[in-house]
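If you want the building blocks of each chain, they are given just below.
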Amino acid sequence: MNIHEYQAKELLAKFGVPVPAGFAALTVEEAVEASRKLPGPLFVVKAQIHAGGRGKGKFKELSPEAKGGVRLAKTEDEVRAAATDMLGNTLVTIQTGDAGKQVNRLYVTDGVDIAKEFYLALLVNRATGRVSMVASTEGGMDIETVAHDTPEKIHSIDIDAATGFQPHHGRAVAAALELTGDLAKQAANVASKLYDTFLGTDAEQIEINPLAVTEDTGSGAKLMVLDAKVAFDGNALFRHKDLFELRDETEEDPAELEASKYDLAYIKLDGDIGCMVNGAGLAMATMDIIKLNGMFPANFLDVGGGANKEKVTAAFKIILSDPAVKGILVNIFGGIMRCDIIADGIVAAAKEVNLQVPLVVRLEGTNVEKGKEILANSGLAIVPANDLGDAARKIVAEVQKAA
């Protein structure tokens, strides 16, 4: 589950992470009122969507010369103008795709004079089973670009959960950011607080970009989190009802949101063959073999081990909600799940949704012969397949024949 930047900063502040003052706004007037509560003289007005690259993004409804989703303002009138441009309009960034996302809320923060920007993130290192802190001196840039062009500037520090964050981890982060003296101490402190946040909220990722050093105005330079992206492990949200309340369903894909209601794992892709599979590994293999046969999967959909008629019907409806789908491949291995139950669900679902696109079904496992018999006697144009390779070849051929 993802949250907005303003929510992430409010959460980080609770754990003692230094962030600029700021207020969320749902209307133009709320944005102006937020600027009145801040010391100024510089304000930053930020569009709040679940996507990066907002500053370089463009609004569909505005002229190509118009500024993006992150703007500086020095007066209330400039805040008002920025808010008017953003709210209700569609922001297209490198991460939203061409459709973009409608901006429904803003974040007005106090401006900061930046001397230097850094990158700092926490995530789970699956290879080591530890929390990994990723640090780079190249803040304010896409980390993918840094990784591609200058990988030597990215440093990873693994932290064993059994011992937790130790002073040497803080020193390693400061060294990776090439900071010394008081700023090195601040870096270690920020890293420690971020680690506490990561564990305390069951986060999957905390990305700070940029972590900035402010200009020294006499009281010393300060490290400050200027942008934050936080995502949580959905499987742990039952322990954090307060965090679950931060969910903004308007930012989620409608099909993926519908799938979550039936405990289906669904991710929309750009292809034209819909996939309904049980098991993540089998789903990945199914998508790979579709591509191997010359077409592309339209989705990843894992119905899990406890699929029933209701789940299968919901899965069909979700797949068919994508107008790009030209055919469906069902690939089920019946272990705990019986193939005859799956077959009943497929037949019922196909009839209920009045299926009009080619459907190829490959069943294997418990009660497979009974399942195949149900499909054969359904009266529907269901194409049976003997194995995964056969299924992929048949669905591609059926889609091409129907084109």
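Criteria and thresholds
- Residues numbered from 1 in each chain as written.
- Predicted model: local features only at pLDDT ≥ 70, side-chain atom pairs only at ≥ 80, totals over all residues.
- Heavy atoms only, no water.
- Helix = DSSP H or I, 4+ residues; strand = E, 2+ residues; numbered from the N terminus.
- Buried < 20%, exposed > 50% of the residue type's maximum accessible area, 1.4 Å probe, protein only.
- Contact = heavy atoms within 4.5 Å.
- Areas by Shrake-Rupley, 256 points an atom, 1.4 Å probe, with all protein chains shown as cover.
- UniProt positions renumbered as here; feature names shortened; annotations may be inferred.
- Polar contact = N/O pair within 3.5 Å; in protein donor to acceptor, adjacent residues only side chain to side chain.
- Core = buried A, V, L, I, M, F, W, Y, C linked by side-chain atoms within 4.5 Å.
- Arc of directions from axis to C-beta.

Bringing the overall build of the protein chain into the picture now. Looking only at helices and strands, the protein chain features 13 helices and 19 strands. In terms of overall dimensions, the protein chain has C-alpha extents of about 85 × 50 × 40 Å along its principal axes. For the protein chain, the proportion of its 403 residues judged to be buried stands at 49%. Partitioning the contacts of the protein chain with sequence separation of at least 6, the portion at a separation of at least 24 is 70%. Carbon and sulfur atoms form 52% of the exposed surface of the protein chain, whose accessible area is close to 19200 Å².

Taking the numbering used here, the UniProt-annotated feature "binding site: Mg(2+)" (unreviewed entry) corresponds to Asn209 and Asp227. These annotated residues cover 19 residues of sequence, and their C-alpha atoms all fall within 5.5 Å of one another, placing them together at a single site. By secondary structure assignment, the location of asparagine 209 is in strand 11 (residues 203-214). Taking the relative accessible area as the measure of exposure, asparagine 209 reaches 18% and is therefore buried. Beyond its immediate stretch of four places on either side in the chain, asparagine 209 contacts Phe118, Tyr119, Gly139, Gly140, Met141 and Asp227. For aspartate 227, the position within the fold is in the loop between strand 12 (223-225) and strand 13 (228-232). Not counting residues up to four positions away in its chain, the partners in contact with aspartate 227 are Glu5, Lys9, Lys46, Arg54, Glu207, Ile208, Asn209 and Pro210. A distance of 3.1 Å separates a polar atom in the side chain of aspartate 227 from a polar atom in the side chain of arginine 54.

The next point concerns the UniProt feature "binding site: substrate" (unreviewed entry) in the protein chain. Sites flagged by UniProt as "binding site: substrate" (unreviewed entry) map to Asn278, Gly335, Ile336 and Met337. Taken along the chain, the residues just named run across 60 residues; in space they keep tight, none of their C-alpha pairs more than 10.8 Å apart. Mapped onto the fold, glycine 335 is located in the loop between strand 17 (327-334) and helix 11 (339-352). Given a relative accessible area of 39%, glycine 335 falls into the partly exposed group. Within the secondary structure, methionine 337 sits in the loop between strand 17 and helix 11.

Here we come to the nonpolar core. Counting 41 residues, the largest nonpolar core has Met133, Leu194, Ile208, Leu211 and Phe232 as the members making the most contacts within it. Element by element, the count of residues in this core is highest for helix 6 (residues 181-200), at 8 residues. When sequence neighbours within four positions are dropped, the list of residues in contact with phenylalanine 232 reads Met1, Ile3, Leu11, Thr201, Asp202, Ala203, Glu204, Leu237 and Leu243. Listed in part, the 34 residues of the second largest apolar core include Ala298, Ala314, Val330 and Leu359.

Right, let's get into helix 5 (residues 167-176). All of the buried residues along helix 5 are His169, Gly170, Val173, Ala174 and Ala176. One side of helix 5 carries all its buried residues, which in axial view fall inside an arc of 165 degrees. Residues of helix 5 that are exposed and angled more than 90 degrees away from the buried face: Pro167, Arg171 and Ala175. On its buried side, helix 5 packs onto strand 8 (114-125), strand 9 (130-136), strand 10 (154-159) and helix 6. Backbone geometry just downstream of helix 5 places glutamate 178 in the positive-phi region, at approximately 60 degrees.

On to the environment of lysine 291. Summarising the element assignment, lysine 291 is placed in helix 9 (residues 280-292). A relative accessible area of 51% means that lysine 291 is categorised as exposed. Along the chain, lysine 291 and valine 396 lie 105 residues apart, while their C-alpha atoms are 9.6 Å from each other.

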